[in-house]
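Breakdown of the fold
Each chain is listed here by its residues.
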Amino acid sequence: MTTLSIRKLPIELEKAIQREAKKRKTSKTKVVIDALIEAFHLEKSSPNVKRDIRSFFGKMTPQDMAEFKKQTRDFSIVDEEMWK
């Protein structure tokens, strides 16, 4: 997946993209990608295709996160002697 920056976007287009994103309750990026796919008559990828691994792990509760931070606290400590 690549990144694209668009400079000098006309203000009317920016507002239209913003309105559409708000209406769909999605991001401006998704609105623009969908519009480009449609404009170039490309096939949308399957909605069942996942691009991340969150579904494998579920969500942490606040208690789980607190315990995780407690258990991994030592990993953020740098042993200065080791790096001399």
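Look a little higher up for the structure.
Just so we're clear, the structure is a prediction, and the values are computed from it rather than from any experiment.

**A look at helix 2 (residues 28-39)**
At 3.6 residues per turn, the α-helix brings residues three or four places apart onto the same side. When the terminal C-alpha atoms of helix 2 are compared, their 16 Å separation across 12 residues agrees well with the 16 Å that a helix rising 1.5 Å per residue should span. For helix 2, the complete set of buried residues consists of Val31, Asp34 and Ile37. Looking straight down helix 2, one finds that the buried residues subtend no more than 130° of arc, so they occupy a single side. Opposite the packed face of helix 2, turned more than 90 degrees from it, sit the exposed residues Thr29 and Ala39. Tucked inside the fold, the buried residues of helix 2 contact helix 1 (11-24). Taken from the residues just after helix 2, His41 is the one with a positive phi, measuring 55°.

**Details of the pattern of salt bridges**
Counting across every chain of the model gives five salt bridges. Of the charged contacts in the structure, one is a salt bridge between Glu14 and Lys28, with a shortest N-O distance of 3.1 Å. Taken together, the residues Glu14 in helix 1 and Lys28 in helix 2 connect sequence positions 14 residues apart. A single network of salt bridges, built from pairs that share partners, joins Glu20, Lys23, Arg24, Lys30 and Asp34.

Conventions we followed
Residues numbered from 1 in each chain as written. Predicted model: local features only at pLDDT ≥ 70, side-chain atom pairs only at ≥ 80, totals over all residues. Heavy atoms only, no water. Helix = DSSP H or I, 4+ residues; strand = E, 2+ residues; numbered from the N terminus. Expected span 1.5 Å × (residues − 1). Buried < 20%, exposed > 50% of the residue type's maximum accessible area, 1.4 Å probe, protein only. Arc of directions from axis to C-beta. Contact = heavy atoms within 4.5 Å. Salt bridge = Lys/Arg side-chain N within 4 Å of Asp/Glu carboxyl O.

Distances and angles like these do not, on their own, reveal function.
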